[in-house]
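Take a look at the letters that make up each chain.
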Amino acid sequence: MSLDSDASSQGGDHRGFRQITRDRLLFEMLRSTRKDSKSTWKVLIMDKFTVKIMSYACKMADITEEGVSLVEDLYKRRQPLPSLDAIYFIQPTKENIVMFLSDMSGRSPLYKKAYVFFSSPVHKELVAQIKKDSSVLPRIGALSEMNLEYFAIDSQGFITDHERALEELFSENAEGSHKYNACLNTMATRISTVFASMREFPRVHYRVAKTIDASTMTTLRDLVPTKLAAGVWNCLMKYKTTIPEFPQTETCELLIVDRSIDQIAPIIHEWTYDAMCHDLLCMDGNKYVQEVPSKNGSATEKKEVLLEDHDPVWLELRHAHIADASERLHDKMTNFISKNKAAQLHQSRTGGELSTRDLQKMVQALPQYSDQIEKLSLHVEIAGKLNNIIREQCLRDVGQLEQDLVFGDAGTKELINFLRTQLGTSRENKLRLLMIYAALNPEKFESDKGAKLMQLAGLSADDMVAVNNMRCLCGPDTKKSSGGFTLKFDVHKKKHSHRKDRTGEESAWALSRFYPILEELIEKLSKGELPKDEYNCMNDPSPSAHVLPTSSSVRTSPAHSMRSRRTGGTWARPRGSDDGYSSDSVLKHASSDFKKFGQRIFVFVIGGATRSELRTVHKLSSKLKREIILGSSSLDDPPQFITKLKLMSAAELTLDDLQI
């Protein structure tokens, strides 16, 4: 079964990225087996990787609805069910094929019939191996390539699950390593399956190697985007001949960059609700552990909750500034109490404000409001925790210095003064400050200057490794090779600013000045204005490629809008400007209607994307009226990114050995 002929973004289909992924798994794969299967219920068998693909895109209820009564692990001992048919969704590896043949061959196979779906293209030798077994062939109901091998982590984001891409592609040891090519090859295959799913054929843009001159040897590290672009291109060329209804002409844009375009975004404190949750709360992925009153009321018990799209409060607040999120939660709670007589009665009995604990007790007393108040009290608890951490760690002072360094309003003097006076600042926050400073001022870390700064901050040699390894993310310095942290920022001599303020987009909230470089790149790509000397295209775009529906939707902000720089006891107050954070923000509607949207834009960041970059694609989708999808080898929060930098030169260490 294949997607309908109007399934491309250019046809009558207006579903978003994650919805298309979900529909392919549920309908193109699971539902397609109903046609010639007499069995009402089926067993779904997956390997560790495909289980993750499925869990990011679908819920268990969705799978059950398609006739799956049991989900099994390919590598676990399974009970024979000879009266049931089985659906295999597996990677096309030799080991998986051996396991499949073991299940279905011989006189007594585990299942009646097998429908096999591979997550990516399968090698001819493996198909031949299956065909060789005469007992298995009659039992195969389908043998198909799904070409879906990515994790849809967000409605507009995916990862290829290459957690060690920094180490395997950019470390000093990457040169000549077999892991280098293996990593790039699987990454290219997985990125390509996104285009197979979306039925899109992209113009493939990529960051070119920053070679100084003909006499300078280009490093393999600097060639990573070039090599990945070539790998993706090769896969797409095969798709044009092997996948029915795959476009033969370009339908969208793909930009491939690596972490060297912006080394500050993964380290700087990002002040939106989503980013702060993942940065400060030690969450396991999207899992948050909440303490709720036990049913007997005597104590509390721990409950795991997922901060994901099915939670409307999370969906509304995740891209909001933490101060804005806190205010809106307070307003929602006040509004709930004012409209709810039982809540008012409870309040009058206890007197004063309702605590989170009180609200949670109310859940049991008011079952009709339980879902609403559970979600509200959850987020009130989270926002309260975040605000406490911000106060305890003096994060506003840290955040102000971080942003002043980036925008040229602070330098060495201010950094040294901060390190000498703010003795209560945590080790991690001092390390992050120094990493930002090193990325902006590589010359300050030559000779023993860097060591003295690290000593002043009280940091270890282990921490120095993270700072030094940022150098590996860069190609040669185009000015003078000093082993520095070359960044392709628009450097303005005035104030020695390394990032220019974005005129007309000032936020009403303090500490919202920073933005990822990816924002500028996406806007330039949308207008066809990527610098030719820095970005190449595998397929030269046709003249019509630049005639895109962008100009009519560009938002203009009031010219008189002024930025507040307050960092005192209260956050700056909103002034009703549409800055992407206000309560009626277009972000809430960013991916709700793609009918009027132009061609899609895909951006892939090698070496880990950030939550600020994920927020940016949601914001720009609305602004540019184009669905923008962010892909990466992984999605990293600052502690994870720093750990990965340390691992780059510590091959013998494991993640457990390093503490952040």
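The coordinates are above.
In this text, all values refer to a predicted model and were calculated from it rather than measured experimentally.

1. A short note on the packing of aromatic side chains
Two descriptors summarise a pair of aromatic rings, namely the distance from one centre to the other and the angle between the planes of the rings. All chains considered together, the criterion is met by 14 aromatic pairs. Measuring from ring centre to ring centre gives 4.9 Å for Phe49 and Phe151, while their planes differ by 40°; the resulting arrangement is tilted. One end of the pair, Phe49, is in helix α2 (residues 48-57); the other, Phe151, is in strand β6 (residues 151-154), and 102 residues separate them in sequence. Of the two residues, Phe49 and Phe151, neither departs from the other in class, the shared state being buried. Taking the centre distance of 5.8 Å and the plane angle of 65° together, the rings of Tyr150 and Phe158 count as edge-to-face. When its relative accessible area of 0% is taken as the criterion, Tyr150 is described as buried. Phe158 sits in the buried class, given a relative accessible area of 4%. What links up through ring pairs into an aromatic cluster is the set Phe17, Tyr150, Phe158 and Phe604.

2. Some thoughts on the pattern of salt bridges
By the definition in use, this model includes 38 salt bridges. Between Arg22 and Asp23 there is a salt bridge; the shortest N-O distance is 3.5 Å. Linking Lys646 and Asp463 is a salt bridge whose minimum nitrogen-to-oxygen distance equals 3.1 Å. With Lys646 in helix α22 (residues 638-647) and Asp463 in helix α19 (residues 461-469), the pair connects residues that are 183 residues apart, well separated along the chain.

3. A word on the sheet that holds strand β12 (residues 535-537)
Strand order in this open sheet of 7 strands is β6-β7-β14-β13-β9-β8-β12, and the pairing throughout is mixed. Across the chains shown, the open sheet's two edge strands, defined by having one partner strand only, are β6 and β12. Pairwise comparison of adjacent strand axes, ignoring direction, gives a mean angle of 25° for this sheet. Direction of pairing for strand β8 (residues 202-207) relative to strand β9 (residues 252-258): parallel, over a ladder of 5 bridges. Each residue of the ladder has a partner; that of Pro202, found in β9, is Cys252. The strands that helix α8 (residues 224-242) touches are β8, β9 and β13 (598-606); relative to β8, the one it contacts most, it runs at about 165°.

4. Quick notes on the nonpolar core
One finds Phe89, Leu169, Leu228, Ile256 and Tyr273 to be the most contacted residues of the largest nonpolar core, which totals 152 residues. Top contributing element to this core by residue count: helix α7 (residues 178-198), with 10 residues. Filtering out sequence-adjacent residues up to four positions away, Tyr273 remains in contact with Trp314, Leu317, Arg318, Ala320, Ile322, Ala325, His379, Ile382, Ala383 and Leu386. Grouped together as the second largest cluster of nonpolar side chains are 23 residues, Ile90, Ile97, Val116 and Val127 included.

5. Considerations on the pairing of strand β1 (residues 42-46)
In terms of burial, β1 is a largely internal element, 5 of the 5 residues being buried. Burial of the side chains of β1 extends over both faces: Lys42, Leu44 and Met46 are buried on one face and Val43 and Ile45 on the other. Alignment of β1 against strand β3 (residues 85-90), held across 5 bridges, turns out to be parallel. In the sheet register, Val43 faces β3, and the bridge partner there is Ala86.

6. Notes on the packing of helix α20 (residues 517-527) against helix α21 (residues 611-624)
Between α20 and α21, the shortest axis-to-axis distance is 10 Å and the interhelical angle comes to 30°. In the crossing of α20 with α21, the sense of the turn from one axis to the other is right-handed. In this structure, α20 contributes Leu518, Glu519, Ile522, Glu523 and Ser526 to the contact, and α21 contributes Glu613, Thr616, Val617, Lys619, Leu620, Lys623 and Leu624. Residues of the contact of α20 with α21, tallied by class, amount to 5 nonpolar, 2 polar and 5 charged.

7. Focus on the side chain of His162
For His162, the location among the structural elements is in the loop between β7 (157-159) and α6 (165-170). Each residue touching His162, except ones within four places of it in the same chain, is listed here: Cys183, Thr186, Met187, Arg190, Ser633 and Ser634.

8. Overview of the environment of Leu433
Assignment of secondary structure puts Leu433 in helix α17 (residues 427-440). We classify Leu433 as buried; its relative accessible area is 0%. With 165 residues separating them along the chain, Leu433 and Ile268 place their C-alpha atoms 7.8 Å apart. Apart from residues no more than four positions distant in its own chain, Leu433 is found in contact with Val398, Leu401, Glu402, Leu405, Leu415 and Phe418.

9. So, the packing of α17 against helix α18 (residues 449-457)
Between α17 and α18, the least distance of the axes is 10 Å, while the angle of their chain directions is 160°. As the angle between them shows, α17 and α18 are arranged roughly antiparallel. By crossing handedness, the relation of α17 to α18 is classed as right-handed. Across the interface between the two elements, Lys430, Leu431, Leu434 and Tyr437 from α17 touch Leu453, Met454 and Ala457 from α18. For the contact of α17 with α18, the class distribution of residues is 6 nonpolar, no polar and 1 charged.

10. Details of the side chain of Glu149
The topology assignment puts Glu149 in the loop between β5 (140-145) and β6. Note on Glu149: relative accessible area 5%, which makes it buried. Separated by 2.4 Å, the side chains of Glu149 and Ser119 make a polar contact. Not counting chain neighbours up to four residues away, the residues in contact with Glu149 comprise Phe49, Ile53, Gln91, Pro92, Ser119, Ser120, Arg190 and Thr193.

11. So, the sheet that holds strand β2 (residues 68-73)
Judged by pairing direction, the sheet is parallel, and its 5 strands sit side by side in the order β2-β1-β3-β4-β5 without closing on themselves. Two strands close off the open sheet at either side, each with one partner strand: β2 and β5. Taken over all neighbouring pairs, the strand axes of this sheet differ in orientation by 15° on average, direction set aside. With 5 bridges connecting them, β3 and strand β4 (residues 114-118) associate as parallel partners. From the neighbouring strand, Ile90 faces β4, where its bridge partner is Phe118. Sitting on the sheet, helix α1 (residues 17-30) touches β1, β2, β3 and β4, and the angle it makes with β3 is about 135°.

What counts as what
- Residues numbered from 1 in each chain as written.
- Predicted model: local features only at pLDDT ≥ 70, side-chain atom pairs only at ≥ 80, totals over all residues.
- Heavy atoms only, no water.
- Phe/Tyr/Trp six-rings, centres within 6.5 Å; stacked < 30°, edge-to-face > 60°.
- Helix = DSSP H or I, 4+ residues; strand = E, 2+ residues; numbered from the N terminus.
- Buried < 20%, exposed > 50% of the residue type's maximum accessible area, 1.4 Å probe, protein only.
- Salt bridge = Lys/Arg side-chain N within 4 Å of Asp/Glu carboxyl O.
- Pairing = 2+ DSSP bridges.
- Axes fitted to C-alpha atoms, helices over the stretch in contact; angles between N-to-C directions.
- Contact = heavy atoms within 4.5 Å.
- Core = buried A, V, L, I, M, F, W, Y, C linked by side-chain atoms within 4.5 Å.
- Left-handed = near helix turned anticlockwise from the far one by under 90°.
- Nonpolar A, V, L, I, M, F, W, Y, C, P; charged D, E, K, R; others polar.
- Parallel < 35°, antiparallel > 145°, perpendicular 65-115°, else oblique.
- Polar contact = N/O pair within 3.5 Å; in protein donor to acceptor, adjacent residues only side chain to side chain.

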